[in-house]
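# Coordinate analysis (summary)
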Amino acid sequence: MTITSSSALPSLSELPENYCINLSDFSAISLAGEEQSKYLQGQVTCDVNNANEHSLMIGAHCDAKGKVFSVFRLINRDNAHLLIQPSASITDSLAELKKFGVFAKVEITQIQDLSFAALVGEKSAELLQNKFSQIPDSSTPVVQNNSTTLVYVSGKQARYLLIDSPDNLAALVQSFELPTYTQAIWNLLEITEGFPILSINSCRQYVPQMLNLQAINGISFTKGCYLGQETVARMQYLGKNKRALFSLTAQLPDTLNNDNTIEKQLGENWRKAGDILASYQSDNGTCYLQAVLANDDETQKLRLGLNPETVVTKAALPYALVSE
């Protein structure tokens, strides 16, 4: 059994009150074994020692220079750590973790037997309560019900990750009898929530603070050493980071070119301001963009590099860029 998804691309305001998303491009890196926590603690930005069966963490995996391979959501399932993320960011991260993992008692693999979906909307909790004895919330964000893992993702709108075998998950999604969309809608929500989406092209291009990881509790500054930690700490305490992740909107009648960039106005001229990490273009032409730009000027006029007539506007992020 497979999940059937609509190809419609509604704008944010056009989405129904409740719906499902088929996360067909999601996967996870699994770390299992006697030293899984000890090993992962030295590789990622979040404090793995605080992870438990009900916790949800955000983190990044960096190279030795502090450049990010991947951004993930970390949960525990079946006595293993799962680094959940888009499949596009897994290859390099997995290879790097395996390279150093040979010296530890840990098995590192990409999961093959699980599928991912999401339930979104104000009635999501009610729908889940009709099927499960326990559902997650902000204080207990991860709950296991037999073979199904439920993950509460906080934000402006209620979201729940659903994780199970492909057949079980397809049956669950079908039972909700709700509109079901492709992963493009999840990307739309991540863009508006300011959660970084990395592609193969953006791998190892940014340090965590350029992706706002410090603002979404994705970096522990007290955990001790990990790969790239020196660069991350220097960015934090010496104020050397001059870029940040922004959510942007534009109205474009033509299809957005994948090679497009963001340009800023400098006097009478225009120059490149930053690259687009992720995008979503609705059927009515509304574009939602995620880009890394300079974080010191809120007043500059922005446009699309390949569509100079198209004005780009910064949207409000749901969090402050400056961490405590």
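Further up the page is the structure itself.
Now for a quick tour of the structure. All figures in this text were calculated on a predicted structure; none of them were measured in a lab.

Our next topic: empty space enclosed by the protein. Across all of its chains, the model carries two cavities of 30 Å³ or more by this definition. Computed from the structure, the largest cavity encloses a volume of approximately 100 Å³. Taken together, 14 residues form the lining of the largest cavity, with Phe26, Pro86, Glu190, Phe195 and Pro196 sitting closest to its centre. Of all the secondary structure elements, the ones that give two or more residues to the lining of the largest cavity are strand E4 (68-77), strand E5 (80-86) and helix H5 (183-193).

A separate point is the layout of surface pockets. Considering only enclosed or pocket space, the largest pocket measures out at about 830 Å³ in volume. Lining the largest pocket are 31 residues, with Ser199, Ile276, Leu277, Ala278 and Ser279 positioned closest to its centre. If you list the elements that add at least two residues to the lining of the largest pocket, you get H5 and strand E14 (269-281). The leading source of residues in the lining of the largest pocket is E14, at seven residues. For the lining of the largest pocket, a count of residues per class yields 12 nonpolar, 15 polar and four charged. Approximately 500 Å³ is the volume found for the second largest pocket. Every residue lining the second largest pocket is counted, 20 residues in all, and those nearest its centre are Ile58, Ser154, Gly155, Ile216 and Asn217. Counting only elements with at least two residues in the lining of the second largest pocket, the list comes to strand E3 (57-62), strand E9 (148-153) and H5.

Attention shifts here to the nonpolar core. One finds Tyr19, Ile21, Leu23, Ile84, Phe116 and Trp186 to be the most contacted residues of the largest nonpolar core, which totals 29 residues. Contributions of two or more residues to this core are made by strand E1 (18-22), strand E2 (26-32), E5, strand E7 (115-121), E9, strand E10 (159-164), H5 and E14. The element best represented in this core is H5, accounting for five residues. Membership of the second largest hydrophobic core comes to 23 residues, among which are Ala215, Val232, Leu245 and Tyr319.

On to the sheet that holds strand E17 (residues 311-315). Either a parallel or an antiparallel arrangement is found when strands of a sheet pair, and the pairing is made through backbone hydrogen bonds. Read once around its circumference, the closed barrel built from six strands follows the order E12-E15-E14-E13-E16-E17, with strand pairing classed as antiparallel. Direction aside, neighbouring strands of the sheet carry axes that sit 45 degrees apart on average. Here strand E13 (residues 261-266) pairs with E14 via six bridges, running antiparallel. The partner of Leu266 across the bridge, within E14, is Asn269.

This part covers the environment of Asp137. Mapping Asp137 onto the fold places it in the loop between helix H3 (124-129) and strand E8 (142-145). Here the alpha-carbon distance between Asp137 and Tyr160, two residues 23 residues apart in the chain, equals 9.3 Å. Of note is the side chain of Asp137, whose polar atom sits 2.9 Å from the side chain of Ser139. There is a polar contact of 2.8 Å between the side chain of Asp137 and the backbone nitrogen of Thr140.

What follows concerns the pairing of E5. In terms of burial, E5 is a largely internal element, seven of the seven residues being buried. Pairing geometry for E2 and E5, over six bridges, is antiparallel. The residue of E5 that forms the bridge with Phe26 is Pro86. As paired strands, E4 and E5 are joined by five bridges and run antiparallel to one another. Bridge assignment links Asn76 to a residue of E5, and that residue is His81. Linking E4 back to E5 in an antiparallel pair, the connection comprises two residues, with Asp78 at a positive phi of about 55 degrees.

Extensive coverage of H5 is indicated by the burial of nine of its 11 residues. All buried positions along H5 are accounted for by Gln183, Ile185, Trp186, Leu188, Leu189, Glu190, Ile191, Thr192 and Glu193. Directly beyond the C-terminal end of H5, a positive phi value near 75 degrees is found at Gly194.

The next thing to look at is the packing of aromatic side chains. One pass over the structure, following the stated rule, counts six aromatic pairs. Measuring from centroid to centroid gives 6.1 Å for Phe26 and Phe116, while their planes differ by 75 degrees, and the two rings are edge-to-face. With Phe26 in strand E2 and Phe116 in strand E7, this residue pair connects regions lying 90 residues apart in the sequence. Judged on exposure class, the residue Phe26 and its partner Phe116 are both buried. Each member of the aromatic cluster is reached from another via a ring pair, and the members are Phe26, Phe116 and Trp186. Over the face of the ring belonging to Phe195 we find Arg73, whose NZ or CZ atom lies 3.8 Å from the ring centre. The residue whose ring lies beneath Lys314 is Phe246, and the NZ or CZ to ring-centre distance is 4.1 Å.

Criteria and thresholds
Residues numbered from 1 in each chain as written. Predicted model: local features only at pLDDT ≥ 70, side-chain atom pairs only at ≥ 80, totals over all residues. Heavy atoms only, no water. 1 Å grid on protein atoms, 1.4 Å probe; cavity = no way out; pocket = protein on both sides within 12 Å on 5 of 7 lines; lining within 4 Å. Points joined across faces, edges and corners; volume = space filled by probe spheres on them. Helix = DSSP H or I, 4+ residues; strand = E, 2+ residues; numbered from the N terminus. Nonpolar A, V, L, I, M, F, W, Y, C, P; charged D, E, K, R; others polar. Core = buried A, V, L, I, M, F, W, Y, C linked by side-chain atoms within 4.5 Å. Buried < 20%, exposed > 50% of the residue type's maximum accessible area, 1.4 Å probe, protein only. Pairing = 2+ DSSP bridges. Axes fitted to C-alpha atoms, helices over the stretch in contact; angles between N-to-C directions. Polar contact = N/O pair within 3.5 Å; in protein donor to acceptor, adjacent residues only side chain to side chain. Phe/Tyr/Trp six-rings, centres within 6.5 Å; stacked < 30°, edge-to-face > 60°. Lys NZ or Arg CZ within 6 Å of the ring centre and 35° of its normal.

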